[in-house]
Amino acid sequence: MFQFCAGIANDSPLRFQASMKLSDDLKYTDQLLQLTKDFSNRFLSVADKLAPHKVFHSLPAVALPQTGIGGAATLEKFRQLYGDQLTAASGPRFWGFVTGGVTPAALMGDWLTSAMDLNVSSSGTVATCIEEDTLRQLKSLFGIPAEFLGAFVSGATMANFTGLAIARQWLGLQQGVDVAADGMNALQDVRILSSVPHSSILKSMSMLGLGRNSLVRIPALPNRESVDLQALENYLKEHPNQPFIYIANAGTVNTVDFDDIAAIVALKQQYNFWLHVDAAFGGFAACSTEYKSLLNGWEAADSITVDAHKWLNVPYDAAMIFNRHPELQVSVFQNPGAAYLGDPLREFHYNNYIPENSRRLRALPAWFSLQAYGREGYQYIVENNVHLARKLGTLIASDPRLKLLAPVRLCVVCFTLDVPEETQADAVSGFLTALNNSGVVYMTRTQYQGQPAIRAALVNWRTTEKDIQLVWDTIQQLLT
Ligand SMILES: *Cc1c(COP(=O)(O)O)cnc(C)c1O
């Protein structure tokens, strides 16, 4: 297997100056950044050869030094300790979960974010203006109306949490109570409807005091992960005058299925519910003229989650929450009575609209990547990934030893081994372990319609036809 350390030039005069301290490091910032750049560059240049994933349960503990060793020696120590263990989770064949990898321009933005170390908390700073500008560009990319208030949070889990917190406030107002002020005890009979919600919705419901058991699962269409609209309408009809929160899925993790959002929006005319759309990665269908109709209607949602460290291919950790009810958002997230933070109801500051107060300028990697590659760049990334996922799906469907469990709608291939049911769990587990241990690719396990299954999610900008071939060859070797 390819070793990252092999071939690293070992000629830096700074490397062994173990006496460097903070003040020296300031003096040598240029050289430290150069060393870091060389290390990063080396890593990125082999990211298509490194194993995408290795399992570690622990590595040797490193003692806290009494006297520090300075930045250069620390980099060398890091290289020695971890260099050979590093994995290319941002490389072209990490197909686990639904995560992308940093684009070159996003890396530039991310490096600058740390170099400048700006806090995007209060308005009236260049950092806030950059975040606002990035969100404007993203709304334009996705076709989300300008009146949505956007904000960066750390991931789609936090975006869902934020959207649900605003929805909870809305639900309270429907009952004439202010949950932000009076707490969950003021709220009665909470029901959150969804068909196949992401696990982070349940986690958010727990964190928000709504409780996981307040989820009402509306059946999906047969052999689909898209809500059965008739079943949804029946439920709404049976509970007249009761306000609900509905979580629409725009891209499920197993089969990238979408709720018919336009039809759900039409139901909003007759029934009283908050519509949150979890479009963590499915929102990127909007980048493609071919697939954007999957999101029809989402512009009429109340709140929308889109992840950035997935198909936008910016580094962790970043996602966006878009919401059209800023007055509810500020009632939930304001910092009341903190005079030094300004009046939350009269001035706009991000710290009054999201869970975090202080936070990094995590919009900047997105700003760089959007400017560097534009609308066409993202259309290319999305369509290329979908094309490759379909290609893999066709190969799998053509092999009698494998079974494709759902049509490849966008970027995820969900399949299993075609073996007798009683041996399937062990067979799938053994096969997946061997496949991941090959060092060629990483996929994740799942359960789809009662069957143990495997999913490959292709959202990385670096993935090419060659990667599909390489993975297919590896699968063939393991099957023989
Ligand atoms: C990944 C994902 C999430 C959670 O995202 P994180 O960025 O891991 O917090 C939520 N919903 C969907 C549909 C997802 O795919």
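Analysis parameters
Residues numbered from 1 in each chain as written. Predicted model: local features only at pLDDT ≥ 70, side-chain atom pairs only at ≥ 80, totals over all residues. Heavy atoms only, no water. Near = heavy atom within 4 Å. Polar contact = N/O pair within 3.5 Å; in protein donor to acceptor, adjacent residues only side chain to side chain. Areas by Shrake-Rupley, 256 points an atom, 1.4 Å probe, with all protein chains shown as cover. Helix = DSSP H or I, 4+ residues; strand = E, 2+ residues; numbered from the N terminus. Nonpolar A, V, L, I, M, F, W, Y, C, P; charged D, E, K, R; others polar. Axes fitted to C-alpha atoms, helices over the stretch in contact; angles between N-to-C directions. Parallel < 35°, antiparallel > 145°, perpendicular 65-115°, else oblique. Left-handed = near helix turned anticlockwise from the far one by under 90°. Contact = heavy atoms within 4.5 Å. UniProt positions renumbered as here; feature names shortened; annotations may be inferred. Buried < 20%, exposed > 50% of the residue type's maximum accessible area, 1.4 Å probe, protein only. Pairing = 2+ DSSP bridges. Domains from an automatic or database assignment. Buried area = accessible area lost by both parts, 1.4 Å probe. Salt bridge = Lys/Arg side-chain N within 4 Å of Asp/Glu carboxyl O.

**Thoughts on the site of the ligand**
At step 1: Taken together, 14 residues lie around the ligand, and Thr157, Asp278, Asp307, His309 and Lys310 are the ones closest in.
At step 2: Take Thr157: an N or O atom from its side chain is 2.6 Å from an oxygen atom of the ligand.
At step 3: Against a free-state accessible area of 380 Å², the protein chains account for coverage of 84% of the ligand.
At step 4: By residue number, the principal contributor to the shell around the ligand is helix α6 (residues 156-174), which donates three residues.
At step 5: Grouping the amino acids of the shell around the ligand by side-chain chemistry returns four nonpolar, seven polar and three charged.

**Digging into the packing of helix α12 (residues 364-397) against helix α14 (residues 465-479)**
Helix packing geometry: the angle between the two helix axes and the distance between the axes.
At step 1: Two numbers describe how α12 lies on α14: the axes approach to 10 Å, and their chain directions differ by 25°. What the angle tells us is that α12 and α14 run roughly parallel. Crossing hand, α12 versus α14: right-handed. Residues His387, Leu388, Lys391, Leu392, Leu395 and Ile396 of α12 lie in contact with α14, whose contacting residues are Glu465, Ile468 and Trp472.
At step 2: Taken together, the residues of the contact of α12 with α14 sort by class into six nonpolar, one polar and two charged.

**Considerations on the UniProt feature "modified residue: N6-(pyridoxal phosphate)lysine" (unreviewed entry) in the protein**
At step 1: UniProt records the feature "modified residue: N6-(pyridoxal phosphate)lysine" (unreviewed entry) at Lys310, using the numbering of this structure.
At step 2: With respect to the helices and strands, the residue Lys310 is situated in the loop between β6 (303-307) and β7 (319-323).
At step 3: Non-local contacts of Lys310, meaning those with residues more than four positions away in its chain, are made with Val98, Thr99, Gly100, Ala280, Phe281 and Val459.
At step 4: Here the side chain of Lys310 touches Asp307 through a polar contact of 3.4 Å, side chain to side chain.

**Re the pairing of β7**
Looking along a regular strand, one sees the side chains alternate between the two faces of the sheet.
At step 1: Among the five residues in β7, five count as buried, and that is most of the element.
At step 2: Both strand β1 (residues 149-153) and β7 contribute to a ladder of five bridges, which runs antiparallel. Residue pairing across strands places Val153 opposite Ala319, the latter belonging to β7.
At step 3: The sheet contact formed by β6 and β7 spans five bridges and is antiparallel. Residue pairing for β7: Asp307 is matched across the bridge by Ala319.

**Here we look at the domain arrangement of the protein**
At step 1: Taken domain by domain, the protein comprises domain 1 (13-85), domain 2 (119-368) and domain 3 (370-479).
At step 2: Taken over C-alpha atoms, the centre of domain 2 sits 29 Å from the centre of domain 3.
At step 3: Contact with domain 2, which involves 30 residues of that partner, is made by 27 residues of domain 3.
At step 4: In total, domain 2 and domain 3 occlude about 2500 Å² of area from one another, counting both sides; carbon and sulfur atoms represent 57% of this.
At step 5: The largest per-residue losses of area from domain 2 upon contact with domain 3 belong to Asn254, Tyr291 and Trp311, which jointly make up 28% of the total buried on that side.
At step 6: Where domain 2 meets domain 3, there are one salt bridge.
At step 7: With a closest N to O distance of 3.6 Å, Asp257 and Arg409 form a salt bridge.
At step 8: Linking domain 2 with domain 3 are 18 residue pairs in polar contact (both at pLDDT 80 or more).

**What about the pattern of salt bridges?**
At step 1: By the definition in use, this model includes 17 salt bridges.
At step 2: Arg79 serves as the salt-bridge partner of Glu76, at 3.0 Å between the closest nitrogen and oxygen. Residue Glu76 and its partner Arg79 are both found in helix α3 (residues 70-82); the two are separated by three residues, about one turn of the helix. A single burial state applies to Glu76 and to Arg79, both of which are buried.
At step 3: A single salt-bridge network, built from bridges that share partners, covers Arg224, Asp257 and Arg409.

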